[in-house]
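Working through the structure, step by step
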Amino acid sequence: ILLCMVIARAYQRVAADQIRCLAAERTAGQAERLAQLTGALAQARTPAAAIEAALQEPLHALRADAGLVLLLSRDGSSVEVARAVGYRAAEREARSAVSILDKTPANDAVGRGAPVVIERSRAWADEYPAASRGEFAALAAVPLLIGSRVVAVVQLEFREPRTFTAHERDYFEVLARRAAQALDRTWQHESAVSGRAEADAQRERAERELIERHKVEGALRASEARYRVLVARTTRLHGLAAALSEAATLEEVARAVVREGRNVLGA
């Protein structure tokens, strides 16, 4: 009996050690997945890169069969598929035709501002009978919020039933927060770059207009100078003609020619 008790306790210790090792491995795997997700989103420099990272990283981390990113318009009246991976042609077409008014997991995620998770096809059919499910059995729709506004939804789909663990649900929360931050940052960066480019273009236009204005002003000044010279010359010629017309003798004509002619020619 004593020997059996010692062996049983040894087995219990081994089993407890195995459980702790498995828990540590799961924790390490979760930390690695989160680090990869955070790193990929932090490296994104454009909205397209942020969308790609927000979709590809969860697809690989959770081994999803397909996924897409839905972008909402600023007023929330429409939705479009920004990126889709892993769908067949009919499945992709059905998801592209979704309206913001339809009852779908993604629209429910938008309304709740929280992830919507479906683990079995029966639950999907019961809760969303009109939604196009295709051959998928499980789904996770994760809304991305900037402030209090949902700007996008990351939707992951699985062809087999899936029970989402606590670690995976925590992963959804991190995905929602980090992906929204990446989108907000890249949108602001893109807006700043666009604004700077527009400012540069306006400055170049202003410089060209200033150069053209200087050219016009120079031409006007040159034209004005020529006009003044022409007026002065005309005035001098008019003085010569007047002096000649008033001269009555040869001496007065000679005097007028010498005096006025010198003025006209600048002699």
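Now for a look at the structure at hand. (Residues numbered from 1 in each chain as written. Predicted model: local features only at pLDDT ≥ 70, side-chain atom pairs only at ≥ 80, totals over all residues. Heavy atoms only, no water.)

**Let's talk about the overall build of the chain**
Applied cut-off: The way it works is that DSSP assigns letters per residue, a run of H or I at least four long becomes a helix, a run of E at least two long becomes a strand, and they are numbered from the N terminus. The globule rule used for comparison is 2.2 Å times the number of residues to the exponent 0.38, while the radius of gyration itself is calculated over C-alpha atoms. Burial classes: relative accessible area under 20% of the type maximum marks a residue as buried, over 50% as exposed, and values in between as partly exposed (1.4 Å probe, protein chains only). Whether two residues touch is decided by their heavy atoms; if any such pair falls within 4.5 Å, the residues are in contact. Under the convention used here, a 1.4 Å probe and the Shrake-Rupley method define accessible areas, while residue burial counts only the protein chains that appear. Asp and Glu are treated as the negative residues and Lys and Arg as the positive ones, with His and the ends of the chain left uncounted. For charged residues, the charge sits on one atom: NZ in Lys, CZ in Arg, CG in Asp, CD in Glu.
Along the chain, the regular secondary structure elements total seven helices and five strands. Of the regular secondary structure in the chain, the N- to C-terminal order runs α-α-β-β-α-α-β-α-β-β-α-α. Whereas a compact globule of 267 residues would reach a radius of gyration of roughly 18 Å, the chain reaches 42 Å, over 25% beyond that. Each principal axis of the C-alpha distribution contributes one length, and for the chain these read about 160 × 50 × 30 Å. Here the chain holds 267 residues, and the buried ones make up 29% of them. A separation of at least 24 residues holds for 57% of the contacts in the chain among residues at least 6 apart in sequence. Counting every atom, the chain has about 16900 Å² of accessible surface; 56% of that belongs to carbon and sulfur. Distance from the positive charge centre (38 side chains) to the negative charge centre (35 side chains) of the chain: 4 Å.

**Thoughts on helix H7 (residues 250-265)**
Counting along an α-helix, one turn takes 3.6 residues, and residues three or four places apart therefore face a common direction. This is how it is decided: To estimate the expected span of a helix, count its residues, drop one, and scale the result by 1.5 Å. Of all possible arcs, the one meant is that of the directions from the helix axis to the C-beta atoms.
For H7, which comprises 16 residues, the first-to-last C-alpha distance of 22 Å matches the rise-based estimate of 22 Å (1.5 Å per residue) to within 8%. For H7, the full list of buried residues reads Ala256, Glu260, Gly261 and Val264. For H7, the arc enclosing every buried residue in end-on projection is 110°, short of the 170-degree limit, so these residues lie on one face. Turned more than 90 degrees off the buried face of H7, the exposed positions are Glu251 and Val258. Next to the buried residues of H7 lie helix H6 (166-246). A positive phi of about 70° marks Gly266, the residue just after H7.

**Description of the sheet that holds strand E3 (residues 116-118)**
Going by this rule: At least two bridges found by DSSP between two strands is the condition for calling them paired. Convention adopted: a line fitted to C-alpha atoms gives each axis, helices being fitted over their contacting stretch, and angles between N-to-C directions are expressed from 0 to 180 degrees.
Here five strands make up an open sheet; going across it, the order is E2-E1-E5-E4-E3 and the pairing antiparallel. The two strands at the open ends of the sheet, each matched to only one other strand, are strand E2 (79-85) and E3. With direction set aside, neighbouring strand axes in the sheet form an average angle of 15°. Bridging between strand E4 (residues 138-146) and strand E5 (residues 149-158) involves nine bridges; their strand directions are antiparallel. When the bridges of E5 are listed, Ala138 appears paired with Phe158. In the packing of helix H2 (residues 47-62) onto the sheet, the strands contacted are strand E1 (66-72), E2 and E5, and the crossing angle to E2 comes to about 50°. Contacting E1, E2 and E5, helix H3 (residues 89-96) crosses the sheet at an angle of about 155° to E2.

**Topic: the environment of Thr235**
Cut-off, in case you're wondering: Polar contact is the term for a pair of N or O atoms within 3.5 Å; when the atoms are in protein, one must be able to donate a hydrogen and the other to accept it, and sequence-neighboring residues count only if both atoms are side-chain atoms.
With respect to the helices, strands and loops of the structure, Thr235 is situated in helix H6. A distance of 2.7 Å separates the side chain of Thr235 from the backbone oxygen of Val231, its partner in a polar contact.

**Things to note about the pairing of E1**
Both faces of the sheet carry side chains from a regular strand, because those side chains alternate between them. The element E1 is largely enclosed, with a buried count of seven among its seven residues. Residues Ala66, Leu68, Leu70 and Leu72 point to one face of E1 and Gly67, Val69 and Leu71 to the other, with burial holding for every one of them. Two strands pair when backbone bridges link them, and E1 and E5 are joined in this way by six bridges, in the antiparallel orientation. Across the sheet, Gly67 pairs through a bridge with Leu156, a residue of E5. Across six bridges, E1 lies against E2 in antiparallel orientation. Looking at the pairing, Val69 lines up with Arg83 of E2. Taking the residues between adjacent antiparallel strands as the criterion, E1 and E2 are bridged by six residues, where Gly76 takes a positive phi near 75°.

**Points about unusual backbone geometry**
Even without being glycine, Arg63 reaches a positive phi, approximately 55°. With respect to the helices, strands and loops of the structure, Arg63 is situated in the loop between H2 and E1. Using a relative accessible area of 69% as the deciding quantity, one classes Arg63 as exposed.

**Section: the packing of aromatic side chains**
Where we set the bar: Pairs were defined over the aromatic rings of Phe, Tyr and Trp, the Trp ring being its six-membered one, requiring ring centres within 6.5 Å. Orientation was assigned from the angle between planes: stacked under 30 degrees, edge-to-face over 60, tilted for the rest.
All chains considered together, the criterion is met by three aromatic pairs. With a centroid separation of 5.8 Å and an interplanar angle of 70°, the aromatic rings of Tyr87 and Phe136 are classed as edge-to-face. Placement of Tyr87 in the loop between E2 and H3 and of Phe136 in the loop between helix H5 (121-127) and E4 is noted, with a sequence separation of 49 residues between them. The buried category is assigned to Tyr87, whose relative accessible area is 8%. Classification of Phe136 as buried rests on a relative accessible area of 0%. Judged by centre distance (5.6 Å) and plane angle (70°), the rings of Phe158 and Phe164 are edge-to-face.

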